[in-house]
Amino acid sequence: MGMVGRWGIPTIMTMITGTITVIRTTITMATIMRDRLLLTQWLSPAFPLGAFAYSSGLETAIADGHVSDAETLKDWLLVLITQGNARQDAGICALSHRGEDMTALARALTASRERAEEAEAQGAAFARTLAAMGCDVSPAPLPVAVGQAARNLDVSTPEVAALYLQSYIGNLVTVAVRAIPLGQSDGQRVLGELAGPIADTADWGATATPDGLGSASFGADMAAMRHEVQEVRIYRT
């Protein structure tokens, strides 16, 4: 008896459909994994943005004694994530990923000259590097450029915002490790303890609106402004 006679056409069709579903699922998972790896690459310290040269005013906060150890660093960063410019940038990144044109608003919401230069310079470097990799994105403030570029990836908006925010905060932890100085283990502990707030802010970004953007981290904003006239400094912002 042949295969058709033994199992019947409905059974064979079910087997074929199941096989096709498995193949499609495997391809989809491979695509998602590839795109996550690409996004992680874009936001890693190895990606040539020059992020190591910027402290977003943290260098001034350390020089003034406002950030002097792991706990004060965590408090400073937590405000940025939940109320400040890090939250604002994550929202801009998420809205850009969702298809909004956020370039003008991102520039308008920047609180200081150096912070504007930081966002523009890193965004331009990001666009140049992606162009060399065969991915075109217009130069724009970094959170805008990242959000726009990530539209081509099979990655959710909360993931894009979370990885962007993790990269931003991770760079500031590195600044603190060097400038306080702070031990590497303490720096990683602080970053790990901020994973929850980072995830929560990324989730907020998935449904944020332009009207809901804004920063209330006044101390950080003023530190960034004061950094512009700081006599002795290592970082550009």
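Residue positions are counted from 1 within each chain, in the order its sequence is given. Local features in this predicted model are restricted to residues of pLDDT 70 or higher, and side-chain atom pairs are both shown and tallied only at a pLDDT of 80 or more, whereas totals for entire chains, interfaces and linings draw on every residue. Hydrogens are left out, water is left out, and the side-chain values use all remaining heavy atoms of the structure.

## Describing the layout of surface pockets
Its volume calculated, the largest pocket comes out at about 610 Å³. A 1.4 Å probe that fits but cannot get out identifies a cavity on a 1 Å grid over protein atoms alone, an open set with protein on both sides within 12 Å along at least five of seven lines counts as a pocket, and a residue lines either if it has an atom within 4 Å of a point. In this structure, the largest pocket is lined by 33 residues; those nearest its centre are Leu 43, Pro 45, Ala 51, Ser 167 and Asn 171. Secondary structure elements are taken from DSSP: a helix is a run of H or I of four residues or more, a strand is a run of E of two residues or more, and numbering for both begins at the N terminus. When residues of the lining of the largest pocket are traced back to their parent elements, those giving at least two are helix H2 (9-42), helix H7 (113-132), helix H8 (142-149), helix H9 (157-179) and helix H10 (184-193). With eleven residues, H9 is the single largest residue contributor to the lining of the largest pocket. In terms of residue class, the lining of the largest pocket is built from 18 nonpolar, eleven polar and four charged. Grid points are joined across faces, edges and corners, and a volume is the space filled by probe spheres set on the points. Its boundaries defined by the atoms lining it, the second largest pocket holds a volume of some 160 Å³. Forming the boundary of the second largest pocket are 16 residues, of which Gln 88, Asp 89, Leu 109, Thr 110 and Arg 115 lie nearest the centre. For the lining of the second largest pocket, the secondary-structure elements that each account for two or more residues are helix H5 (85-97), H7 and helix H12 (218-227). A per-element tally of the lining of the second largest pocket places H5 first, with four residues. Gly is placed with the polar residues, together with every amino acid not listed as nonpolar (Ala, Val, Leu, Ile, Met, Phe, Trp, Tyr, Cys and Pro) or charged (Asp, Glu, Lys and Arg). When grouped by side-chain class, the residues that make up the lining of the second largest pocket number eight nonpolar, five polar and three charged.

## Describing the packing of helix H4 (residues 70-82) against H5
For helices, the fitted axis covers only the stretch in contact; all axes are lines through C-alpha atoms, and the angles between them, taken along N-to-C directions, range from 0 to 180 degrees. Remark: H4 packs on H5, axes separated minimally by 4 Å, with the N-to-C direction vectors making an angle of 35°. Pair H4 / H5 crosses with right-handed handedness. Contact with H4, carried on its side by Leu 80, Ile 81 and Thr 82, involves Asn 85, Ala 86 and Arg 87 of H5 and no other residues of that element. Partitioned by chemical class, the residues of the contact of H4 with H5 number three nonpolar, two polar and one charged. By convention, the crossing between two helices is left-handed when the near helix turns anticlockwise from the far helix through less than a right angle, and right-handed when the turn is clockwise. For this analysis, residues touch if any pair of their heavy atoms sits within 4.5 Å.

## A word on the packing of aromatic side chains
Any Phe, Tyr or Trp ring, taking Trp's six-membered ring, that has another such ring centre within 6.5 Å forms a pair; planes under 30 degrees apart are called stacked, those over 60 apart edge-to-face, and the others tilted. Counted by the stated rule, this structure contains two aromatic pairs. Here Trp 42 and Phe 126 contribute two aromatic rings whose centre-to-centre distance is 5.8 Å and whose plane-to-plane angle is 85°, an arrangement assigned as edge-to-face. Separated by 84 residues along the polypeptide, Trp 42 in helix H2 and Phe 126 in helix H7 bring together distant segments of the chain. Take Trp 42 and Phe 126: they sit in the same class, and that class is buried. The classification of residues rests on relative accessible area computed with a 1.4 Å probe and restricted to protein chains. Under 20% of the type maximum is buried, over 50% is exposed, and intermediate values are partly exposed.

## A word on helix H11 (residues 195-205)
Every buried residue belonging to H11 is among Pro 197, Ile 198, Thr 201, Ala 202 and Gly 205, and all of these are buried. Summarising the axial view, the buried residues of H11 lie within an arc of 140°, below the 170-degree limit, and thus occupy one face. Where H11 is buried, its residues contact H4, H5, H9 and H10. Each direction from the helix axis to a C-beta atom contributes to the arc, which is the arc of those directions.

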